[in-house]
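One letter stands for each residue in the lines below.
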Amino acid sequence: MVDVLLGQAYYLRFDPKLWEAMQPYPPLGTLYAAGCLRRDGLEVAVFDAMLAESPSAWREALSTHAPAYAVLYEDSFNYLSKMCLLRMREAAFEMIEQAKRAGCTVIVSSSDATDHVEEYLGRGADFVLLGEGEQTLCDLLAALTGASRTPLEEIPGVAAEGFRGPSRDLLRDLDLIPFPARDLVDLEQYRRIWTERHGYFSLNLVTTRGCPYHCNWCAKPIYGQRYHSRSPDNVVEELAQVRRDYLPGHIWFCDDIFGLKPGWISRFAELVEKRDLQIPFKCLLRTDLVTEATARDLARAGCRTVWVGAESGSQKILDAMDKGATVQDTRRATRLLKKNGIEVGFFLQFGYPRETWEDIQMTLRMVRQCRPDDIGASVSYPLPGTRFHERVKTQLGDQQNWIDSNDLAMLYRGPFCSEFYRRLHRVLHKEFRASRAWRQLRRGKQAWRTRDLLGVLTLPLDRLKLRRLRRVGSHPSR
């Protein structure tokens with residue numbers, strides 16, 4: 001029996017695209033919350049939905065641990081949790097119902113719950129945590145268990161039927177937060193999957209919270225425009241612990257922006273070198289933040305891959321998004337990173353209002369010319385709280401979220417129909433894989449794979465279908 005059972009509702013099995021890719025990471029946000037509760041003396045267990053078969057496994061965990069408090073604490077460092085996919089929302093509601101049947105007090109913390117407080121309370125949650133949740137959760141449980149006499153309605157960041165507490169300030173000194181309680185999940189299961197599928201074991205860390213930039217499609221229900229960073233010393237201490245205890249062969253720093261503070265990456269590289277802690281890692285950077293010095297420091301710290309939000313090859317579209325960066329920034333960043341032996345991944349976004357066929361062609365040309373090592377493409381996705389959502393909300397129908405990450409439905413009246421963008425996604429990836437395969441073949445690194453060869457053979461037909469769909473125009477099909 002434990003005091004608190006924490007869980008989250010992102011089930012990899014419910015997301016076919018990500019299940020096929022099979023690159024799972026433990027729920028970092030949930031494990032941070034577990035570490036904070038354990039620091040306060042509570043007996044804590046974690047239900048890890050990432051690799052679970054279904055919410056029925058949550059019911060079994062409730063029966064095994066018999067907690068007084070069931071907490072659905074979503075991983076805010078997982079961008080798919082922030083997207084609020086419908087299948088995961090349904091799973092969360094099912095988990096709330098099961099916890100109530102087990103006699104638990106149910107607490108929920110997530111981007112989706114912050115945006116839809118009444119809906120979660122109406123589905124049975126006793127409390128919803130608004131914004132950053134660790135300290136709020138600790139304060140709420142202290143009040144519920146009698147360790148604190150603070151009235152519930154006076155606890156910052158708590159919402160329940162009949163009241164919403166005052167807003168809570170974000171934590172500024174992130175070094176004070178305990179490291180994630182990774183021992184509460186089965187990391188050997190993750191190791192087996194990664195090693196069997198990819199030949200190495202990757203673990204996730206985070207060094208910052210939030211993003212101060214103003215891209216008008218980016219939802220920020222937890223941190224808003226604020227940005228706080230752990231010290232390089234604190235991050236390196238965790239990196240040393242992770243290497244000692246879990247021996248990963250790769251690290252994913254899942255920050256929205258890695259090393260934004262001036263001098264942070266340089267100091268981090270210095271400490272990593274000093275302690276001989278170079279582990280290959282990937283991270284996310286803005287294109288306009290990549291300099292000669294940054295690229296060199298990343299390389300000496302062990303960086304293998306940098307993903308950048310290239311978004312579009314059209315400056316018109318970048319400006320409409322309030323991106324604050326240029327197409328030339330993308331080209332320069334790619335050149336500098338590759339010069340230092342770092343792979344580059346492009347995040348691309350199609351379907352933004354007023355995007356034309358010519359804008360799409362500019363993006364395709366940018367990919368061909370920059371030759372990134374990997375790409376990820378999506379369509380513009382309106383989420384509550386963004387200026388983009390305010391702009392298109394009158395066009396939204398009954399479906400306002402994707403079912404899973406491969407949905408690619410145009411939820412508003414975009415420049416072209418949903419099927420156009422699904423076909424564009426196919427054309428882009430086939431062309432990219434074929435180009436990459438040709439380069440690797442010329443270097444003698446890899447023979448043609450069947451998938452790439454089939455892509456080359458079917459690409460002309462896909463391009464023809466794309467041109468036909470271009471003439472369909474925009475309609476609200478899903």
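Scroll up for the structure.
Note that this is a predicted model, so its numbers are computed, not measured.

Peer 1: Let's hear about the overall build of the protein chain: which residues, and what values?
Peer 2: Of regular secondary structure, the protein chain possesses 18 helices and 15 strands. In terms of overall size, the protein chain behaves like a compact globule, its C-alpha atoms giving a radius of gyration of 23 Å where 478 residues would be expected to give roughly 23 Å. In terms of overall dimensions, the protein chain has C-alpha extents of about 65 × 55 × 40 Å along its principal axes. When burial is assessed residue by residue, the protein chain has 57% of its 478 residues classed as buried. Of the contacts made within the protein chain by residues no fewer than 6 positions apart, 74% connect residues no fewer than 24 positions apart. With an accessible surface of roughly 20400 Å², the protein chain has 49% of that area assigned to carbon and sulfur atoms. Charge centroids of the protein chain, computed over 68 positive and 61 negative side chains, lie 9 Å from each other.

Peer 1: Give me the lowdown on helix 11 (residues 264-274), citing residues and values where you can.
Peer 2: When we look at burial in helix 11, the residues that qualify are Trp264, Ile265, Phe268, Ala269, Leu271 and Val272. Within helix 11, the buried residues cover an arc of 165 degrees as seen down the axis, which keeps them to one side. In this structure, the buried side of helix 11 is in contact with strand 10 (227-229), helix 10 (232-246), strand 11 (250-253), strand 12 (281-285) and helix 12 (292-301).

Peer 1: A description of helix 18 (residues 450-470) should follow, citing residues and the corresponding values.
Peer 2: Its 21 residues give helix 18 an end-to-end C-alpha distance of 29 Å, which sits within 8% of 30 Å, the value for a rise of 1.5 Å per residue. The principal kink in helix 18, of about 45 degrees, is found at Thr458, preceding the proline Pro460 by one to four residues. Asp452, Gly455, Leu459, Asp462, Leu466 and Leu469 are the residues of helix 18 that are buried. Close packing links the buried residues of helix 18 with helix 15 (357-370) and helix 17 (418-442).

Peer 1: Quick one: what's the story with the pattern of salt bridges, residue by residue and with numbers?
Peer 2: Close approach of charged atoms allows side chains of opposite charge to pair. By the definition in use, this model includes 32 salt bridges. Put simply, Asp126 and Lys100 hold a salt bridge, and the shortest N to O gap is 2.9 Å. Placement of Asp126 in the loop between helix 7 (117-122) and strand 5 (127-129) and of Lys100 in helix 5 (residues 86-101) is noted, with a sequence separation of 26 residues between them. Using a relative accessible area of 33% as the deciding quantity, one classes Lys100 as partly exposed. A salt bridge links Asp329 to Arg332; the nearest nitrogen and oxygen atoms lie 2.9 Å apart. With Asp329 and Arg332 both in helix 14 (residues 327-339), this residue pair falls three residues apart, about one helical turn. The class of Asp329 is buried, set by a relative accessible area of 13%. Through salt bridges with shared partners, one network takes in Arg423, Arg426, Lys430 and Asp462.

Peer 1: Explain the pairing of strand 12 to me, using residue names and the numbers behind them.
Peer 2: When you tally the buried positions in strand 12, you get four out of five residues, the bulk of the element. Note that strand 11 and strand 12 share two bridges and pair parallel. Note on strand 12: the bridge partner recorded for Trp252 is Lys282. Read as a crossover between parallel neighbours, the route from strand 11 over helix 11 to strand 12 is right-handed. Looking at chain direction, strand 12 and strand 13 (residues 303-311) are connected through five bridges and run parallel. Counted as the bridge partner of Cys283 is Val306 from strand 13.

How each quantity is defined
Residues numbered from 1 in each chain as written. Predicted model: local features only at pLDDT ≥ 70, side-chain atom pairs only at ≥ 80, totals over all residues. Heavy atoms only, no water. Helix = DSSP H or I, 4+ residues; strand = E, 2+ residues; numbered from the N terminus. Rg over C-alpha atoms; globule rule 2.2 N^0.38 Å. Buried < 20%, exposed > 50% of the residue type's maximum accessible area, 1.4 Å probe, protein only. Contact = heavy atoms within 4.5 Å. Areas by Shrake-Rupley, 256 points an atom, 1.4 Å probe, with all protein chains shown as cover. Lys, Arg positive; Asp, Glu negative; His and termini not counted. Charge placed at Lys NZ, Arg CZ, Asp CG, Glu CD. Arc of directions from axis to C-beta. Expected span 1.5 Å × (residues − 1). Bend = angle between axes of the 7 residues up to and from the residue. Salt bridge = Lys/Arg side-chain N within 4 Å of Asp/Glu carboxyl O. Pairing = 2+ DSSP bridges. Right-handed = clockwise from strand over helix to strand, strands pointing away.

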